[in-house]
2 protein chains.
Amino acid sequence: MKKIINDASTVVAESLRGMALAHPDLLRVQEEPAIVVRKDAPVPGKVAVISGGGSGHEPLHGGFVGRGMLDAACPGAVFTSPTPDQMQAAIEATNGGAGALLVVKNYTGDVLNFETAAELAAADDVEVRTVVIDDDVAVKDSLYTAGRRGVGGTVLLEKIAGAAAERGDDLATVERLATKVIANVRSMGMALAAPTVPHVGEPSFDLPGDEMEVGIGIHGEPGRARMPVENADGIVTRLLDAVTEDLPFGSGDRVLLFTNSMGGTPLIELYLAHGIAERLLAERGIAVERRLVGPFITSLEMQGMSLTLLKLDDELIELWDAPVHTAALRWGV
Amino acid sequence: MKKIINDASTVVAESLRGMALAHPDLLRVQEEPAIVVRKDAPVPGKVAVISGGGSGHEPLHGGFVGRGMLDAACPGAVFTSPTPDQMQAAIEATNGGAGALLVVKNYTGDVLNFETAAELAAADDVEVRTVVIDDDVAVKDSLYTAGRRGVGGTVLLEKIAGAAAERGDDLATVERLATKVIANVRSMGMALAAPTVPHVGEPSFDLPGDEMEVGIGIHGEPGRARMPVENADGIVTRLLDAVTEDLPFGSGDRVLLFTNSMGGTPLIELYLAHGIAERLLAERGIAVERRLVGPFITSLEMQGMSLTLLKLDDELIELWDAPVHTAALRWGV
């Protein structure tokens, strides 16, 4: 294992310390339990939008803490759910009196721990609603989930729910909009090469030199099929077919197309793949009205990509376009 | 070689097509010769800031085309200088009547081809000035250079010169500011694992499992030393010592610290390294007043990082903070 780290057991804590030093205008980091909190939290009268999950998917979630997106993020150990006490600390640190929306990716550990945290918050008289995102069309159940996994759609949900909370929407409205994103977003990913978890020290799976994993999860969980590597046209067509058939997305739909790198796939390849996806969608009469291209939900240095489609309407576009100021997404400010 | 591409010979062209589709509000791509041009170019009365170089370093340079940074970028083949006809097309497409500043990284091919382009522009009565950036302290001469190589400082130079041009500074002033950045910026990088150039198909160099290359260039050129892999504290100290000793940077200096991923090093490691660099600088009495952390000048999927320090004053800070709207850097707008 070759990594720029000091000790596998301190990677997350040291990385968070660096993040706090890099973005003093945006966020603060609390240790034990570890949370990343918007610098000016709590914002009185504002619904808090809180998420979290295993580390190793950066910039998700800490990179989305700031104005117009998340109020706090709870980073677990690498590829490991955060604990209820982290979530409780996040709810406390961001409580502006208008309640909190917990954004949970559908992994068993995350769901259980956020449930516990929601119960603790209710006991403290903080109104909490939870939404569970499960946008990955690849598999029904998987290594870490009952039902589908939460993947790229999470980024879009956090932006849209965060914008709603920022403009002053109440908790029921923020929850409704988050639920609307979940109903309208679908994703699928693939990998060419495995990531290496620091405390494991070996690649998460063994992928022969001529094979790829289609439908892979963001922790390297198995997907739909392992098959010979295809060219970019083949890979993008395969991902896009699976995503569009699922909802389904069809002619006349307006969409946001999110082309995501799993970490190790460089931008030159990602733009190439994005171009193919745009052309395929145009051929199918699906109008790409917004785009996001880059490494936003990763799996350490895993080589691979994912495609996410969100069906748009004017309400969602307005929230997507609203100003955001975080480490990883910023516009309008 | 495992990559998301169709054909090694069309990677750059296909990637540019995807980039144009991803950012229709920011830029346009012209083919044959290939250039990336700010959407609203030429801007009448504005100095054009133009750069270029081999592809494979994305988001450099095309990702910095837009308002407040570059007017055009000339992407060569992967790790290969662009040609004078690309540069000539860029000068023509962005000519607002106030002249052009050519930002050239110090590699022999780039310098020669930009020189030819400058001569052609002069024959066309476009006033052109050229600045050559050579911020890499690792080696005096290298595989592709006489003198030092241009690396991370290029990103900072393009931002600052671009901001000066955007606010209406004349060509002599924009050139002076670019020269000031060159005089005050220093960088050094390292690698843990090699990139693979698509048309070569094999890793660019062979780095055994327990070794790292310190002082590496962005094309995988040899650096100062190959040595056993150190931990993050050791790596960052080694890079920072070389950079600070060179100018030198010392107690009382105000700096911008740019912690860059070479592509394959994930954000969790990069923030960890950034935190170490901030603490070391604080110990030395050097005040970090601005930061940039991320993969901004890469070497395909090479694992590794670089550190860049720019000595700041109020003039440079004002230009760094000015609004920018490009694919890779955006704030204030």
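Residues numbered from 1 in each chain as written. Chains lettered and ligands numbered in written order. Predicted model: local features only at pLDDT ≥ 70, side-chain atom pairs only at ≥ 80, totals over all residues. Heavy atoms only, no water.

Caption draft 1: How the structure looks around the overall build of chain A. In terms of regular secondary structure, chain A is built from 8 helices and 14 strands. C-alpha atoms of chain A, sized along the principal axes, occupy 55 × 50 × 35 Å. Across the 333 residues that make up chain A, the buried fraction comes to 63%. A fraction of 73% describes how many contacts in chain A between residues 6 or more apart in sequence connect residues 24 or more apart. In chain A, which carries 28 positive and 47 negative side-chain charges, the distance between the mean positions of the two groups comes to 5 Å. (Helix = DSSP H or I, 4+ residues; strand = E, 2+ residues; numbered from the N terminus. Buried < 20%, exposed > 50% of the residue type's maximum accessible area, 1.4 Å probe, protein only. Contact = heavy atoms within 4.5 Å. Lys, Arg positive; Asp, Glu negative; His and termini not counted. Charge placed at Lys NZ, Arg CZ, Asp CG, Glu CD.)

Caption draft 2: Representation of the interface of chain A and chain B within the structure. Taken together, the contact between chain A and chain B spans 59 residues of the former and 59 residues of the latter. Carbon and sulfur atoms supply 63% of the area that chain A and chain B bury against each other, a total of about 4,600 Å² over both sides. Looking at the side of chain A facing chain B, the largest losses of area belong to Lys2, Ile4 and Ile268 of chain A, adding up to 21% of the total buried there. For the interface between chain A and chain B, the tally reads 2 salt bridges. (Buried area = accessible area lost by both parts, 1.4 Å probe. Salt bridge = Lys/Arg side-chain N within 4 Å of Asp/Glu carboxyl O.)

Caption draft 3: Expanded view of helix α1 (residues 11–22) of chain A. Compared with the 16 Å implied by 1.5 Å per residue over 12 residues, the 16 Å span of α1 of chain A between its first and last C-alpha is a close match. Listed as buried for α1 of chain A are Val11, Val12, Glu14, Ser15, Leu16, Gly18, Met19 and Ala22 of chain A. At its buried positions, α1 of chain A is contacted by β1 (27–30), β2 (35–38), β3 (48–55) and β4 (72–78) of chain A together with α7 (267–283) and β11 (287–294) of chain B. (Expected span 1.5 Å × (residues − 1).)

Caption draft 4: Layout of the side chain of Thr196 of chain A. One can find Thr196 of chain A in the loop between β7 (185–193) and β8 (211–214). Excluding anything up to four places from it in sequence, Thr196 of chain A contacts Met1, Lys3, Gly201, Glu202, Pro203, Leu300 and Glu301 of chain A.

Caption draft 5: Spatial organisation of the environment of Val43 of chain B. All names here are of chain B. Within the secondary structure layout, Val43 lies in the loop between β2 (35–38) and β3 (48–55). Val43 sits 53 residues away from Gly96 along the chain, and the two C-alpha atoms are 5.2 Å apart. Contact partners of Val43, with chain neighbours within four places excluded, come to Arg38 and Gly96.

Caption draft 6: Fine view of the packing of helix α2 (residues 84–93) of chain A against helix α3 (residues 108–123) of chain A. Residue and element names in this part refer to chain A. Remark: α2 packs on α3, axes separated minimally by 8 Å, with the N-to-C direction vectors making an angle of 45 degrees. Judged by the inter-axis angle, α2 sits oblique to α3. Where α2 crosses over α3, the two elements pack in a sense that is right-handed. Residue-level contacts link Pro84, Met87, Gln88 and Ile91 of α2 to Asp110, Asn113, Phe114, Thr116, Ala117, Leu120 and Ala121 of α3. Taken together, the residues of the contact of α2 with α3 break down into 7 nonpolar, 3 polar and 1 charged. (Axes fitted to C-alpha atoms, helices over the stretch in contact; angles between N-to-C directions. Parallel < 35°, antiparallel > 145°, perpendicular 65-115°, else oblique. Left-handed = near helix turned anticlockwise from the far one by under 90°. Nonpolar A, V, L, I, M, F, W, Y, C, P; charged D, E, K, R; others polar.)

Caption draft 7: Broad picture of the relation of the copies chain A and chain B. Note on the identical chains: chain A maps onto chain B by a rotation of 180 degrees and an axial translation of 0.0 Å, with an RMSD of 0.0 Å. In short, the pair behaves as if placed about a two-fold rotation axis. Same-surface contact between copies: 100% of interface residues of chain A are shared with the interface of chain B. (Least-squares fit on C-alpha atoms with pLDDT ≥ 70 in both.)

Caption draft 8: Representation of the nonpolar core within the structure. Val155 and Leu310 of chain A together with Met305 of chain B are the most contacted members of the largest nonpolar core, which totals 101 residues. Element by element, the count of residues in this core is highest for α7 of chain B, at 10 residues. Residues Leu207, Leu256, Met262 and Ile297 of chain B belong to the second largest nonpolar core, which totals 100 residues. (Core = buried A, V, L, I, M, F, W, Y, C linked by side-chain atoms within 4.5 Å.)

Caption draft 9: Representation of the sheet that holds strand β11 (residues 287–294) of chain A within the structure. Residue and element names in this part refer to chain A. Here 6 strands make up an open sheet; going across it, the order is β9-β8-β7-β12-β10-β11 and the pairing mixed. On the outer flanks of this sheet lie β9 (225–228) and β11, each paired with one strand and no other. For this sheet the average axis-to-axis angle between neighbouring strands, irrespective of direction, equals 20 degrees. Pairing between strand β10 (residues 254–261) and strand β12 (residues 303–311): 7 bridges, direction antiparallel. By the bridge assignment, Thr259 is partnered in β12 with Leu307. Each of β7 and β12 touches helix α5 (residues 171–184); the most contacted strand, β7, lies at about 60 degrees to it. Sheet strands in contact with helix α6 (residues 232–246) are β7, β8, β9 and β12, and its direction is about 30 degrees off that of β12. (Pairing = 2+ DSSP bridges.)

Caption draft 10: Highlighting the side chain of Asp136 of chain B. Note on placement: Asp136 of chain B falls in the loop between β6 (128–133) and α4 (153–166). Here Arg149 of chain B takes part through its side chain, which lies 2.9 Å from a polar atom of the side chain of Asp136 of chain B. (Polar contact = N/O pair within 3.5 Å; in protein donor to acceptor, adjacent residues only side chain to side chain.)

Caption draft 11: Region of the structure containing unusual backbone geometry. Looking along the chain, the bond that leaves Ala41 of chain A and enters Pro42 of chain A is cis, with omega of -5 degrees. Mapped onto the elements of the fold, Pro42 of chain A is located in the loop between β2 and β3. Residue Pro59 of chain A is bonded to the preceding Glu58 of chain A through a cis peptide linkage, with omega at 10 degrees. Looking at the element boundaries, Pro59 of chain A is found in the loop between β3 and β4. In this structure, Phe79 of chain A is a non-glycine residue whose phi angle is positive, near 55 degrees. Note on placement: Phe79 of chain A falls in the loop between β4 and α2. Phe79 of chain A sits in the buried class, given a relative accessible area of 17%. Phi at Leu300 of chain B is positive, roughly 50 degrees, even though this residue is not glycine. Residue placement: Leu300 of chain B occurs in the loop between β11 and β12 (303–311).

Caption draft 12: Looking closely at the domain arrangement of chain A. All names here are of chain A. Splitting chain A by domain gives domain 1 (24–183) and domain 2 (185–323). If you average the C-alpha positions of domain 1 and of domain 2, the two centres end up 22 Å apart. The partner domain 2 presents 40 residues to the 39 residues of domain 1 that form the contact. Taken together, the two surfaces of domain 1 and domain 2 that pack against each other cover about 3,300 Å², and 64% of this comes from carbon and sulfur. Of all residues in domain 1, Phe79, Val137 and Leu156 bury the most surface against domain 2, accounting for 19% of the area lost on that side. Along the contact surface separating domain 1 from domain 2 lie 5 salt bridges. The residue Glu315 makes a salt bridge to Arg176 at a minimum N-O spacing of 2.8 Å. (Domains from an automatic or database assignment.)

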